[in-house]
Amino acid sequence: MGQCLELSAAVCRIGVYSCFRTLCCKGPPSPRTEYDVVCVGLTGSGKSSLLTQLCSESTDSIIPTTGFRIKAVPFQNAILNVKELGGADNIRKYWSRYYQGSQGVAFVLDSASSEDDLEMARNELHSALQHPQLCTLPFLILANHQDKPAARSLQEMKRTACLGMRGVQFYSSTPLSVSLPPSAVLIATQPIGESLSYMNLN
């Protein structure tokens, strides 16, 4: 019952947000293309902090996302309207409901997580990549918390979290024209070679 109410509240929030943009944002259209992107990852992977830093905002008062929140992240050539979904167990089973209508997905991994959490994140990542609605969408995989002492190396993250994935292009450094926070590195994309150019981020 509680999960149904939580999902209904999330749908209402999307409707309110859409109405607000329609009624209140009557200025000239943005010259930059806008894309609707879903951001997922386990609780504690740093999704909220990463998005907040990309917007050059303070991270002092960030709290874990329990349902979802929407944030407009500006890049030089595009604006990503990001729906950040909570990573708790009772929310993850609803992730796929938000894939429909999105134009890209960002999956955030915690480089300093426990072995059990990394294995859980790996399973969720593989499950998302096998979803039929995501087969042709840009899919970015980021290794976050690289600035923590216990962080795994990028090679270890690629070997452990992305083991056995097909059609994935790996990077040794982030091939973006914008600067990610020092804690995060883009380690892979799918489909090969399409994700970055599709969203005009490279």
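Everything below is about the structure printed above this text.
What this report covers is the structure whose coordinates are included nearby. (Residues numbered from 1 in each chain as written. Predicted model: local features only at pLDDT ≥ 70, side-chain atom pairs only at ≥ 80, totals over all residues. Heavy atoms only, no water.)

**Overview of the pattern of salt bridges**
Okay, so step 1: As enumerated under the stated definition, the model contains 5 salt bridges in all.
Okay, so step 2: Measuring nitrogen to oxygen at the nearest pair gives 2.7 Å for the salt bridge that ties Glu57 to Lys71. Of this pair, Glu57 sits in the loop between α2 (47-54) and β2 (68-74) while Lys71 sits in strand β2, and the two are 14 residues apart along the sequence.
Okay, so step 3: Between Arg69 and Glu84 there is a salt bridge; the shortest N-O distance is 2.7 Å. A residue pair is termed long-range when its members are at least 10 positions apart, and Arg69 in strand β2 and Glu84 in strand β3 (residues 78-85) qualify at 15 residues.
Okay, so step 4: With a relative accessible area of 25%, Arg69 lands in the partly exposed category.
Okay, so step 5: One continuous salt-bridge network, built from bridges that share partners, spans Asp89, Arg92 and Glu124. (Salt bridge = Lys/Arg side-chain N within 4 Å of Asp/Glu carboxyl O. Helix = DSSP H or I, 4+ residues; strand = E, 2+ residues; numbered from the N terminus. Buried < 20%, exposed > 50% of the residue type's maximum accessible area, 1.4 Å probe, protein only.)

**Some points on the environment of His126**
Okay, so step 1: Along the chain, His126 falls in helix α4 (residues 115-129).
Okay, so step 2: When the C-alpha positions of His126 and Ala161 are compared, they lie 8.9 Å apart, and in sequence the two are 35 residues distant.

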